[in-house]
Amino acid sequence: MKDDPAAVALKFAFLGVLYLFLLVIARSALRDLRGRTAIAPPSDGTGLHDIADARVAATDAALVVVTGGGLTPGDRIDLFGGVTIGRSQEADVKIVDRFASGIHARVHTRGNSYFVEDLESTNGTYLNGADLRGEAPLNDLDEIRIGDTEFRFELSFEDGY
Amino acid sequence: MSARNKELLGLVPVAGLLIAGFASVFVVGGDDLDNTSLIFGAYFFAICLAAHIFLRIRLPYADPYLFPLVALLAAIGLVMLYRIDESFARDQANWFVVGLVLFMLTIVLLKDYFVLERYRYLIVTGGLLLLLMPRLPGIGAQVNGAYLGVDIGPLAFQPAEFGKLAVVIFLASYLREHREVLVVGARRFAGITFPPIKHLGPMLVVWGAAMFLLVFIRDLGSSLMFFGAFLALIYVATNRISFVLIGLLMFFAGAWFFASTVGHVGDRIDVWLDPYADAQGDGFQVLQSMFAQADGGLFGKGIGESLLTAPGNDQPLIPEVQTDFIYALIVNELGLFGGCGVIAIYTLIAARGFKIATIAQDGFSKLLAAGLTAVFALQAFVIIGGVIRVIPLTGVTLPFISYGGSSVIANMVLLALLLLISDRARRPQQSTQDVIG
C-alpha cells in the first residue's frame, strides 16, 4: 500500500481539479472587483432613466451623493425633468434616513434654472448650511442636506468636465 | 452565460472531485476499483442537480457560485468521512439530503424574507432558549466539559448552530432600524467616540449572551462566533471602527476574567499556549493533529493513505478526527496545498457573501447578508484556527465538512437565506439597468 501509483495520480488529479475550479471562481470575483459592477442603484426603481427624453432645462445637471442615505458616495443622480427625494417608496430618490420625511424635498426646473424646494418636511432642508423654507434657485456646486444625507448639485456642460 | 448555467457547469468538477476521492480511498484500501465510486458520484451529482433545478425555478438570478462551492465542501467532507468510517459518510449523506430539503423549504417559505424582520424578538427569544437547552436536566448532554448538545429521545442536536441564525437575524433587523441613532447620538470622550448608552441595549445584551455562553454552556467557540458577527454588523451598520475596538476590549476583558475563574476555559488557553506541558493528557489531541499536519508535507500522503490508528491498537491517533479535527486529516492526506484549498473555498464563499451584501439594495438585506457571511466565515476561522493553533481550540464544526447533522442543516438554511437575498439583489429591474453578470 506504499505509494500506490494510482493513488498518487488521483491525489494530484484531485488537487489539480480543485485548484482549477477555485481559480475560475476567483477570477470572476476579481473581475467584479476591477469592473464597477457593484453599482448598488441609488434607490429601488427610481425609473429615472425612463424619462430621459423629458429634459427640460438647457443644461444637464446632476445631484452627486456626498454622504449618507444608504447611497453610494459619488453616485450621480441625473435630474432630467426633476426628482423628489424622501424616505417613502414613492420618492424618486429613496433615501434611508431617520430624519427625512416621506417626500422631503424636490429638485425641479423652470426655464433654464434648477430649483430645490422643501416640501414642508419635519426636519427641514438645508441649502449650503442654511435652513431652506420654500424654494431657492440652485447654483453649480451647491450643497443640499436632508437629515444626515448630503448631495452636491453639479451642472454638466456640453463638453463636460 | 446565465447565472444558472454557470452554476450547473460548476457542479460538474465537484462531482468529478467526489469520484476521484472515493476512487482513491478504494484503491488504497485494497478494494478492486470497480464502478462504485462512479455510482457514488452519480448519486451526489443527481442530488445536487435536483437542488440546482429547484434554484433554476425559484431563484433564477441568485449567485451562481455559492451552491457549487458548498457542494464542493460537502464532497470533500463525504470523502474524508468515508475514509474514516463508512457509517459516518452514510449519516452525513443523509443529513446532506435533509439539509437540502430544509434549504428548499426555506426558499419556498421565506420567499419574502422581510417577515423575519417583523418577528425578530420572537426569533431571538427562541434562539436564546435553544442555547439554554443543553443545561436543562434530562435533555442536556455534556461533552468534554462543554454543554453543547441536546438529546431528546431520538433527536439529538447542537442548538448553537441554530442559535447563530436567530442572533444574526435579530441583530440585522435591530441595527437596520437603529443604526442612525447609534451614529448621530455618539459622544466623543477623551478622543474616543462612544456609542450612546441609550441605544446600547442590544450591544450589552449580545455581549452578555456571549459571556453567558462562555460560563454557563462553556461554549467558547460559539461565543467567539456570535460576538465576532455582532462586531462585524456594528461596523457595517455604523462605519465606526471605534465601536469595534470598544467591543473587542469588552470581549477580551470578559474572556480574561472568565479564563481565570472558569476552569474549562482556562484549561483550553493553557493547552493552546503550551500543549507539551501535558503531552499525553490535555495536550494530546492538539499535538497529534499538529504532527499529522506536518506529516502531510506539501502534497499530502494521498487520499486514504493516512494512519488513523496506531498499529496494533485501535486507539485513534487524533481523537474526534471526524468533527473538530477533520481539517488535520485533510492536511495530512492532501498536504499544505489541500489545506490551503479548503481555506480558499471558505474565503471565496465569504467573498461571494459580502458581494451580495454590497449589491443588495435595502438596509436589512445588506446587514443580513453581511451578518450571515460573517458568522459562517468566523465559524470556519474559529475551528481551523484552533486546529492549527492560531487561537485556543474550541469545539465548533467545520461547516459542511465536519460530521454532524445540526451543522449541515443550519448552514444549509444560512445558504438558502444568502441565495434569497442575492436573487432579489440581482433581479433585473424594469428599467435598463446593467445588473451584474
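A brief structural summary. (Residues numbered from 1 in each chain as written. Chains lettered and ligands numbered in written order. Predicted model: local features only at pLDDT ≥ 70, side-chain atom pairs only at ≥ 80, totals over all residues. Heavy atoms only, no water.)

### Overview of the overall build of chain B
Move 1: Secondary structure assignment for chain B yields 15 helices and five strands.
Move 2: Approximately 17,500 Å² of chain B is accessible, and the part contributed by carbon and sulfur atoms is 66%. (Helix = DSSP H or I, 4+ residues; strand = E, 2+ residues; numbered from the N terminus. Areas by Shrake-Rupley, 256 points an atom, 1.4 Å probe, with all protein chains shown as cover.)

### Here's the deal with the overall build of chain A
Move 1: A tally of helices and strands in chain A yields one helix and eleven strands.
Move 2: The linear arrangement of helices and strands in chain A, starting from the amino end, is α-β-β-β-β-β-β-β-β-β-β-β.
Move 3: Buried positions account for 42% of the 161 residues belonging to chain A.
Move 4: Relative to all contacts within chain A whose residues are 6 or more apart in sequence, the contacts with residues 24 or more apart total 42%.
Move 5: Here chain A displays about 8,500 Å² of accessible surface, and carbon together with sulfur accounts for 53% of that area. (Buried < 20%, exposed > 50% of the residue type's maximum accessible area, 1.4 Å probe, protein only. Contact = heavy atoms within 4.5 Å.)

### Quick notes on the sheet that holds strand β9 (residues 135–137) of chain A
Move 1: A sheet is described by the order of its strands in space; here five strands give the open sequence β4-β3-β5-β6-β9 (chain A), paired in mixed fashion. This sheet does not close on itself; its edge strands, each paired only once, are β4 (93–94) and β9 of chain A. (Pairing = 2+ DSSP bridges.)

### Some thoughts on the packing of helix α3 (residues 66–84) of chain B against helix α15 (residues 405–426) of chain B
All names here are of chain B.
Move 1: For the pair α3 and α15, interaxial distance at closest approach is 11 Å and the crossing angle is 165°. Classified by the angle their axes make, α3 and α15 are roughly antiparallel. Here the hand of the crossing between α3 and α15 comes out right-handed. The residues of α15 that touch α3, namely those facing L66, F67 and V70, are M412, L415, L418 and L419. (Axes fitted to C-alpha atoms, helices over the stretch in contact; angles between N-to-C directions. Parallel < 35°, antiparallel > 145°, perpendicular 65-115°, else oblique. Left-handed = near helix turned anticlockwise from the far one by under 90°.)

### Regarding the pairing of strand β3 (residues 83–86) of chain A
Residues and elements named next belong to chain A.
Move 1: Across the two faces of β3 the burial is the same, with V83 and I85 and T84 and G86 all buried.
Move 2: As defined by bridge partners, β3 adjoins β4 across two bridges and the pair is classed as parallel. For G86, the partnering residue across the bridge sits in β4 and is K94.

### Notes on the nonpolar core
Move 1: One finds F44(B) and L368(B) to be the most contacted residues of the largest nonpolar core, which totals 134 residues.
Move 2: Considering every element that reaches this core, the biggest residue donor is α3(B), with 16 residues.
Move 3: Those residues in contact with F44(B) that sit more than four places away from it in its chain are V14(B), A15(B), L18(B), A71(B), A74(B), A75(B), L78(B) and F96(B).
Move 4: Formed by 23 residues, the second largest nonpolar core is a distinct cluster that contains A61(A), I95(A), A105(A) and A136(A). (Core = buried A, V, L, I, M, F, W, Y, C linked by side-chain atoms within 4.5 Å.)

### Section: the pattern of salt bridges
Residues and elements named next belong to chain B.
Move 1: Scanning the model with the defined rule gives twelve salt bridges over all chains in all.
Move 2: The shortest N-O distance in the salt bridge between E177 and R120 comes to 3.3 Å. Separated by 57 residues along the polypeptide, E177 in helix α7 (residues 159–184) and R120 in helix α6 (residues 120–132) bring together distant segments of the chain.
Move 3: A residue is classified by how much of its surface remains accessible, and E177, at 27% relative accessible area, is partly exposed.
Move 4: Note on R120: relative accessible area 9%, which makes it buried. (Salt bridge = Lys/Arg side-chain N within 4 Å of Asp/Glu carboxyl O.)

### Concerning the sheet that holds strand β8 (residues 130–132) of chain A
All names here are of chain A.
Move 1: The six strands are arranged β2-β1-β11-β10-β7-β8 in an open sheet whose pairing can be described as antiparallel. Because the sheet does not close on itself, it has two edges, and the strands there are β2 (76–78) and β8. Each neighbouring strand pair of the sheet contributes to a mean axis angle of 30°, computed without reference to strand direction.
Move 2: Pairing of strand β7 (residues 125–127) with strand β10 (residues 143–146) involves three bridges; the strand directions are antiparallel. Across the sheet, Y126 pairs through a bridge with R145, a residue of β10.

### Observations regarding the packing of aromatic side chains
What describes a pair of aromatic rings is the distance from one ring centre to the other and the angle between the planes of the rings.
Move 1: Inspection of the entire model under this criterion finds 25 aromatic pairs over all chains.
Move 2: On the numbers, 5.1 Å between centres and 55° between planes, the contact of F12(A) with F299(B) is tilted. Taken together, the residues F12(A) in helix α1 (residues 5–34) and F299(B) in the loop between α12 (284–296) and α13 (326–359) connect one chain to another.
Move 3: Using a relative accessible area of 40% as the deciding quantity, one classes F12(A) as partly exposed.
Move 4: Aromatic ring contacts, followed pair by pair, group F12(A), Y19(A), F299(B) and F337(B) into a single cluster.
Move 5: The ring of Y126(A) carries the charged tip of R145(A) above its face, separated from the ring centre by 4.6 Å. (Phe/Tyr/Trp six-rings, centres within 6.5 Å; stacked < 30°, edge-to-face > 60°. Lys NZ or Arg CZ within 6 Å of the ring centre and 35° of its normal.)

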